[in-house]
Amino acid sequence: MSPAAHALAERLSCPLVERTGPFDPHRVRRDFPVLDQSVRGKPLVYLDNAATTQKPRDVLDVLEVFYEAANANVHRGVHHLSQIATDSYEGARNKVRQFLNAAHDREIIFTSGTTDSINLVAQTFGRRYVGAGDEILVTAMEHHSNIVPWQMLCEEKGAKLRVIPINDDGELRIDRLEPLLTERTRLVSVVHVSNVLGTLNPVASIVEKARERGIPVLLDGAQAVPHFKVDVQALGCDFYAFSGHKLYGPTGIGVLYGRSELLDSMPPYRGGGGMIREVSLEKTTYADPPARFEAGTPHIAGCIGLGAAIDYLNRIDLEAAAAYESDLFAYATDALSGISGLRIIGTAIERVSVISFVMDGVHPHDVGTIVDQQGVAVRAGHHCAQPVMRHFNIPATTRAATAFYNTREDIDTLVRALHTANEVFN
Ligand code: 7TS
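What counts, and at which threshold
Residues numbered from 1 in each chain as written. Predicted model: local features only at pLDDT ≥ 70, side-chain atom pairs only at ≥ 80, totals over all residues. Heavy atoms only, no water. Pairing = 2+ DSSP bridges. Helix = DSSP H or I, 4+ residues; strand = E, 2+ residues; numbered from the N terminus. Axes fitted to C-alpha atoms, helices over the stretch in contact; angles between N-to-C directions. Contact = heavy atoms within 4.5 Å.

Caption draft 1: Structural detail: the sheet that holds strand E5 (residues 135-139). Pairing is mixed across the open sheet formed by seven strands, whose spatial order is E4-E10-E9-E8-E7-E5-E6. Looking at strand neighbours, the two that pair on one side only are strand E4 (108-111) and strand E6 (160-164), the edges of this open sheet. Within the sheet, the average angular offset between the axes of one strand and its neighbour, ignoring direction, is 20 degrees. Two strands pair when backbone bridges link them, and strand E9 (residues 239-243) and strand E10 (residues 254-258) are joined in this way by five bridges, in the antiparallel orientation. Paired with Phe242 across the strands is Val255, a residue of E10. The strands touched by helix H9 (residues 203-212) within the sheet are strand E7 (185-191) and strand E8 (217-220), with E7 carrying the most contacts at an inclination of about 180 degrees.

Here's what the structure looks like:
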């Protein structure tokens, strides 16, 4: 590689520099340009992190460098830029592998997000291993993206979707798990952290019980990986899905981790360039994973940007950030509990980051609108989890979801804005 190419590859690989000292939310905030702005004349308080997180400058810079200086397609080119793009793309796969502590790079498939990852499993694993009368087991607190792909598969195959219920604290009825694991269960697919209730599910013990019976487990980690260290080998799961955009990376990029023995046995589901070994007009043979599942030109910049987000997290020290976030979460829970007429939906003992609530006499959308007047971004709605709404017999909630760049001052601003909502409506 020429010195210029080397320098470019270095910039794209965003090498790990020294950790920047003890975790300081006020300092990390400065890494996120979007946070430094006023909304409706007030400093922005961004508490919609379960929908998507903001991006640190490092991620933005890497995207710019890629498109300005290194843009090329991957894998098929011998030319200079294509080699840099390919190295950076595969380098990002290696960063994801380390991030999840997967055993091999080939177990990391780039997708467009959690939704895409789950659909991939439904359409490949599902197509091969699920038949008439078989069962897929999910929970009553899934995001729609971990319900609908299975319903579509079940409809096609004549299979059944079974559901682990939840209690009124928003915890899984784990006592119901074992009877639901039958000889017809082909897959258990469970959310690691609920995007509505914040519940942290006991996934290691679910995996253990399923795998004792030889049943594979998929974990939806969309709301988990941004908040604590996940080790797929320690969890023992077979599949793990997450989205780059909730992990401080770009939109349009996601990951499916799959245990290699399973991935090797799964057929492709999208045909095209990049996923073949050999094509003739009579017959095609397929590449090994991960290429088998990555037909077409991938989201190269997105992958490299996700790699940069992972580097950033390693730099700030995700464990220290997690400890800070859990303290902030306790502070926020206390503060919101003190507001009259406010009821938190989801009171599991083990919870992470997400606080959903309803307020007497104020529709969740009105809550969202009123706090927005104070520059506070929260989300209102069913959060793509209508079965959860149905369980609690409510149409919607307002949801505040923290990230490590939020502060106690952000929570105080939210609380003041909620008092205002109470004054306006009650
Ligand atoms: N699973 C969970 C637990 C999620 O929270 C989400 C997105 C998804 C899957 C789907 O992720 P995607 O990146 O493929 O869309 N959750 C939310 C949310 O709570 N508000 O907006 C998106």
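Caption draft 2: Spatial organisation of the sheet that holds strand E17 (residues 397-401). Overall, antiparallel pairing links the four strands, which are arranged E13-E14-E17-E16 in an open sheet. Of all the strands in the sheet, just strand E13 (342-345) and strand E16 (379-381) have a single pairing partner and so form its edges. Taken pair by pair, the neighbouring strands of this sheet meet at an average axis angle of 35 degrees, ignoring direction. Looking at chain direction, E13 and strand E14 (residues 354-359) are connected through four bridges and run antiparallel. The residue of E14 that forms the bridge with Ile344 is Phe357. The strands touched by helix H13 (residues 318-337) are E13 and E14; relative to E14, the strand with the most contacts, the crossing angle is about 5 degrees.

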